[in-house]
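# Summary of structural features
Okay, here's what each chain looks like letter by letter:
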Amino acid sequence: MIERWRVGWMVLGLPVFFGMACLGGDSFSISNPLPGADSIVLTFRSVTVGGLHSCAVTTANAAYCWGANGLGQLGVGDQDNRFQPWPVAGGRVFKELSGGGTFTCGLATGSGTGALAFCWGSNDQGQLGIGDLTFINVAPTSIDDPLFNAVSAGGAHGCGISTDRSAWCWGSQSEGRLGNGESGPTPRLVPVQVLGDLSFTDISAGANHTCAITEDTAAYCWGVGDESQLGNGDRSSSDMPVAVSGNLELRQISAGESHTCAITLDGDAYCWGLGTVGQLGVSGVGRSDVPIMISGGFTFLSISAGGNYTCGTTVTMEAYCWGGNDSGQLGDGTVVNRAEPVLVLGNIEFESVSAGKAVLTSASCGISIDNIVYCWGFGGTGQLGDGTGDLSAVPVRVAFQR
């Protein structure tokens, strides 16, 4: 039998091999129940999956995280893994959260236009945007300027849309992933404005690239383009936004490891970039330089590009996934890769689904229309949140819910 804690995987392009010491003090003890758990009933309204951890926001805007925590990515004040939801330190209330490779960012609630962004976890490339290179932050720390309407955590960089709808990014600027016209080994420790004088409505930071949608529904991408993940017709990288080919009118976009997917105003889903394990949703397509419509004729409400797979929810409130499936992250009851969308099992009506950012041993989570969070896939570091640490190829209910 393979010892799970010694399995190596790719977290947003970075090979990770670890033993007990790297996982946190209680990594192999699953007896870490939340104090007062017997009386706690959590009702969630959103969920996000990072590299090996998951986070969710309750209907009361409280933030909870679970899973791997060796780099403080849960924000709970220490570096111990959690196999069940645990409150993010500080008691702050959040509008939304975004799980990155080994860090997490969120937008605080507040009055008026815009909100403070907070990040926590790994900071070796300045991906927390807080002005220093403190290696690990185990609790939320604010990005003081600018105020944001949206935030997205990627591999070793983060991005957001400010109140004037300009895009800002921070962290690693290798190969242009910050979109500020620069590329090099020196990270940016605070947000820098993306070039192009564009107004954005949606943004997604992937492993090494970023994509966003403008007010006029056009898509732009920047950063690493070696696998055609920028969607501009070639395999070149760009340190400033380049238009995605096809003149599609888009409303949502999601950047994964080496591929990107988006939804049109009509609900059609398109993907581009690397497709070697089926993550583009079209059989026989190993790579596409331009957007191609996924198979199946579905009308999508939301889409999420993960490490080497993709998930989405349809207008019928069903969840479908496609691509890599080594740990059951597609939720179809198997560990077989799928080049076309397969239904996530369980007869659950999903509002949205989040695909994990790990390339191997990944997990997915989704929230149902009745505010229940389910997760599936690899659970060895607790990212399924059900208290077991087991792998599951079908959805399991996260702990402490009704």
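Before any of the text, the structure's been laid out above.
Figured I'd write up the structure that's included with this text. (Residues numbered from 1 in each chain as written. Predicted model: local features only at pLDDT ≥ 70, side-chain atom pairs only at ≥ 80, totals over all residues. Heavy atoms only, no water.)

Time to look at the overall build of the protein. The helix and strand tally for the protein stands at one helix and 29 strands. With the principal axes as the frame, the protein shows a C-alpha extent of 55 × 45 × 40 Å. In the protein, which comprises 402 residues, the share counted as buried stands at 60%. Nonlocal contacts in the protein, meaning residues at least 24 apart in sequence, comprise 50% of its contacts between residues at least 6 apart. One finds the centroid of the 16 positive side-chain charges in the protein at a distance of 4 Å from the centroid of its 35 negative side-chain charges. (Helix = DSSP H or I, 4+ residues; strand = E, 2+ residues; numbered from the N terminus. Buried < 20%, exposed > 50% of the residue type's maximum accessible area, 1.4 Å probe, protein only. Contact = heavy atoms within 4.5 Å. Lys, Arg positive; Asp, Glu negative; His and termini not counted. Charge placed at Lys NZ, Arg CZ, Asp CG, Glu CD.)

This next bit is on the pattern of salt bridges. Taken as a whole and judged by the stated rule, the model has six salt bridges. In this structure, the salt-bridge partner of Glu 227 is Arg 235, at a minimum N-O distance of 4.0 Å. Between Glu 227 and Arg 287 there is a salt bridge whose closest N-O contact spans 2.5 Å. Pair noted here: Glu 227 is in the loop between strand S16 (219–223) and strand S17 (238–243) and Arg 287 is in strand S21 (residues 287–293), with a separation of 60 residues, a long-range link. Judged by relative accessible area, which is 17%, Glu 227 ranks as buried. Classification of Arg 287 by relative accessible area gives partly exposed; the value is 33%. Members of the salt-bridge network, linked through shared partners, are Glu 227, Arg 235 and Arg 287. (Salt bridge = Lys/Arg side-chain N within 4 Å of Asp/Glu carboxyl O.)

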